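Descriptive analysis of the structure
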Amino acid sequence: SAEVVLVGRSNVGKSTLMRELTGHTFDTGQRPGVTRQPNHYDWNAEDFVLTDLPGFGFMKGVPDEVREEIKDDIVAYLETHAEQILVAVLVVDGKAVIDIIDRHSGPDEIPHDVEMFHFLRDMGIPVVVAVNKMDKVDDRDERLDALCDRLGLLPPWKQWQETIAPITAKRGSIDPMTEAVRHHLHEQQRDDL
Ligand code: GDP
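Note that the structure is a prediction, hence the values are computed from the model and not measured. (Residues numbered from 1 in each chain as written. Predicted model: local features only at pLDDT ≥ 70, side-chain atom pairs only at ≥ 80, totals over all residues. Heavy atoms only, no water.)

Looking only at helices and strands, the protein features six helices and six strands. For the protein, the α and β elements follow one another from N to C terminus as β-α-β-β-α-β-α-α-β-α-β-α. Relative to the 2.2 N^0.38 estimate, which gives 16 Å for 193 residues, the radius of gyration of the protein is 16 Å and therefore close to what a compact globule would have. Each of the three principal axes of the protein carries a C-alpha extent, and together these read 45 × 35 × 35 Å. Here the protein holds 193 residues, and 49% of them are scored as buried. Once local pairs closer than 6 in sequence are excluded, the contacts in the protein between residues at least 24 apart make up 68%. If you sum the accessible surface of the protein, you get close to 10,000 Å²; carbon and sulfur atoms cover 44% of it. Across the protein, the mean location of the 21 positive side-chain charges is 8 Å away from that of the 36 negative side-chain charges. (Helix = DSSP H or I, 4+ residues; strand = E, 2+ residues; numbered from the N terminus. Rg over C-alpha atoms; globule rule 2.2 N^0.38 Å. Buried < 20%, exposed > 50% of the residue type's maximum accessible area, 1.4 Å probe, protein only. Contact = heavy atoms within 4.5 Å. Areas by Shrake-Rupley, 256 points an atom, 1.4 Å probe, with all protein chains shown as cover. Lys, Arg positive; Asp, Glu negative; His and termini not counted. Charge placed at Lys NZ, Arg CZ, Asp CG, Glu CD.)

So this is what it looks like as structure tokens:
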């Protein structure tokens, strides 16, 4: 059935966001790398399955090979299910994401978040970037403009509200994300008519 998938580095707040969306309790702050399998849940407010994919990227205590395997599994899942995935939510940590992207940008290196963003779009899956932990961000507009820039979206970010959704999952303030997701769901239903 139709799916909305959640992807993101570990520790960005994916479990916290899942809890908000589904009402289930998840182990937040659990040992990174533990969630290895895709998990499926009903999204309370919508008639879709929410799929939580394992966190990717650096995880303390997780060897490089395992990290690579996790990423390969995520990519394989997305490729296999691309047809039924209506929207992907890429969760990032608003406080850390720019530093992480800039640290990993170079001639031979594409940061995971940037790579995932383009990979999903190349597969024709609309992406909503849920920029989490905005409660820790002071220079909100600057930070979100910088993120647009790193993702190849022309700032200002306010022009991209269907793509860039600042949230604070911990406090349950996630409306920009749910609205952006609904926007894409409705677009696709209209296309199907
Ligand atoms: P996951 O590894 O992506 O599933 O991340 P978790 O949901 O386990 O969250 C990782 C850490 O970030 C936990 O300590 C959460 O309490 C914290 N966290 C999650 N959402 C927010 C948020 O909106 N603001 C702040 N300040 N912390 C958050």
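Right, let's get into helix α4 (residues 112–122). Listed as buried for α4 are D113, V114, M116, F117 and L120. Each buried residue of α4 lies within a common arc of 165° when the element is viewed along its axis, so the set occupies one face. Looking at the buried positions of α4, the neighbouring elements they touch are β1 (3–8), α2 (64–81), β4 (85–93), α3 (97–103), β5 (127–132) and α5 (140–151). Where α4 terminates, the next one or two residues include G124, which has phi positive at roughly 80°. (Arc of directions from axis to C-beta.)

Let us look at the pairing of β1. Judged by how many residues are buried, β1 sits mostly within the fold: six of six residues are covered. By the alternation rule, side chains of β1 split into E3, V5 and V7 and V4, L6 and G8, which are all buried. Across four bridges, β1 lies against strand β3 (residues 49–52) in parallel orientation. Opposite V4, over in β3, you have L50 as the bridge partner. (Pairing = 2+ DSSP bridges.)

Positionally, T51 belongs in strand β3. T51 sits 102 residues away from L153 along the chain, and the two C-alpha atoms are 26 Å apart. For T51, the side chain forms a polar contact with the side chain of H40, separated by 2.9 Å. (Polar contact = N/O pair within 3.5 Å; in protein donor to acceptor, adjacent residues only side chain to side chain.)

Burial analysis of β4 places nine of its nine residues in the buried class, the great majority of the element. Two strands pair when backbone bridges link them, and β1 and β4 are joined in this way by six bridges, in the parallel orientation. Residue pairing across strands places V7 opposite L90, the latter belonging to β4. Pairing analysis gives six bridges linking β4 to β5, with the strands arranged parallel.

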